[in-house]
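# Chains, contacts and geometry: an overview
If you want the building blocks of each chain, they are given just below.
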Amino acid sequence: MIHRRPSVPAAVSSRLRAAGVLLVCLATALPLLVAAGDDPGPELLGADATSVSVVVAARAQVGDDYLWGGNGPDAWDCSGLTSVIWRTVGRVKDIPRTSAQQLQWAVPLPAEQLLPGDLVFFGAPVSHVGIYSSGGRIIDASSSRTGVVERPMWKAGVVRYGRVPRPGMAPVRPWTPPPAPSPSAAPAPASSR
């Protein structure tokens, strides 16, 4: 018996489809909550419906396994999670696959302008990416030990932010990006004497 990995569109798990149903409910309820005077939070109010959909779909993957090179539906690596979710739920067809490519492609922004659905990049050179969920938290395919998690975003080392370019995205207010970090110099090899 030959086992074939499903194509990316077929690889969208039932949890992603369930997240779509949840999104419809959220999209219907959010205007009603705001109209009723309930405050859904400043971060959620700033996000467009597509970004909220992406966060809901990413949360549906929490608990999935980590697999280097994984593109789902039940095992992911960091950039596999961000690219598949944004491609299938966010309908952004040209999102690159790797975290380094995603950093170069995304619209840079400062931490003060982060909205749910934005990408958070770690390292110089970049070695990890997650989806900003809200309240200083990210959803990411972390490691083989923890799998896909939602957790507080760490601030140590080089952290950069990017918005997924697409029609209707929240604009990035003008700002001056800091100079690009230079890669850490590799330690010199130990002498064999």
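## What about the overall build of the protein chain?
Broken down by element type, the protein chain carries five helices and eight strands. Start at the N end of the protein chain and walk to the C end: the helices and strands fall as α-α-α-β-β-α-α-β-β-β-β-β-β. Looking at the protein chain residue by residue over its 193 residues, the buried ones come to 41%. Residue pairs in contact within the protein chain that sit at least 24 positions apart in sequence constitute 60% of those at least 6 positions apart. Counting every atom, the protein chain has about 10,700 Å² of accessible surface; 61% of that belongs to carbon and sulfur.

## A closer look at the packing of aromatic side chains
For the structure shown, the criterion picks out one aromatic pair. Here Phe122 and Trp154 contribute two aromatic rings whose centre-to-centre distance is 4.0 Å and whose plane-to-plane angle is 25°, an arrangement assigned as stacked. Taken together, the residues span a long stretch of sequence, with Phe122 in strand β4 (residues 119-122) and Trp154 in the loop between β7 (147-152) and β8 (159-163) at a distance of 32 residues.

## Comments concerning the environment of Val120
Tracing the chain through its elements places Val120 in strand β4. A C-alpha to C-alpha distance of 9.5 Å links Val120 and Asp140, two positions 20 residues apart in sequence. Beyond its immediate chain neighbours, meaning those up to four positions away, Val120 contacts Leu114, His128, Val129, Gly130, Tyr132, Ile138, Met153, Val159, Arg160 and Tyr161.

## Notes on the pattern of salt bridges
Under the defined criterion, the tally for this structure stands at five salt bridges. Residues Arg166 and Asp48 are paired through a salt bridge, measuring 2.6 Å at the closest nitrogen-oxygen approach. In this pair, Arg166 is assigned in the segment after β8 and Asp48 in the loop between α2 (42-46) and α3 (49-59), connecting sequence segments 118 residues apart. Salt-bridge contacts for Asp118 lead to Arg163; the nearest nitrogen and oxygen are separated by 2.9 Å. With a gap of 45 residues between them, Asp118 in the loop between β3 (107-109) and β4 and Arg163 in strand β8 connect regions that are remote in the sequence. Per residue, the accessibility class of Asp118 equals that of Arg163, and both read buried.

Rules behind the numbers
- Residues numbered from 1 in each chain as written.
- Predicted model: local features only at pLDDT ≥ 70, side-chain atom pairs only at ≥ 80, totals over all residues.
- Heavy atoms only, no water.
- Helix = DSSP H or I, 4+ residues; strand = E, 2+ residues; numbered from the N terminus.
- Buried < 20%, exposed > 50% of the residue type's maximum accessible area, 1.4 Å probe, protein only.
- Contact = heavy atoms within 4.5 Å.
- Areas by Shrake-Rupley, 256 points an atom, 1.4 Å probe, with all protein chains shown as cover.
- Phe/Tyr/Trp six-rings, centres within 6.5 Å; stacked < 30°, edge-to-face > 60°.
- Salt bridge = Lys/Arg side-chain N within 4 Å of Asp/Glu carboxyl O.

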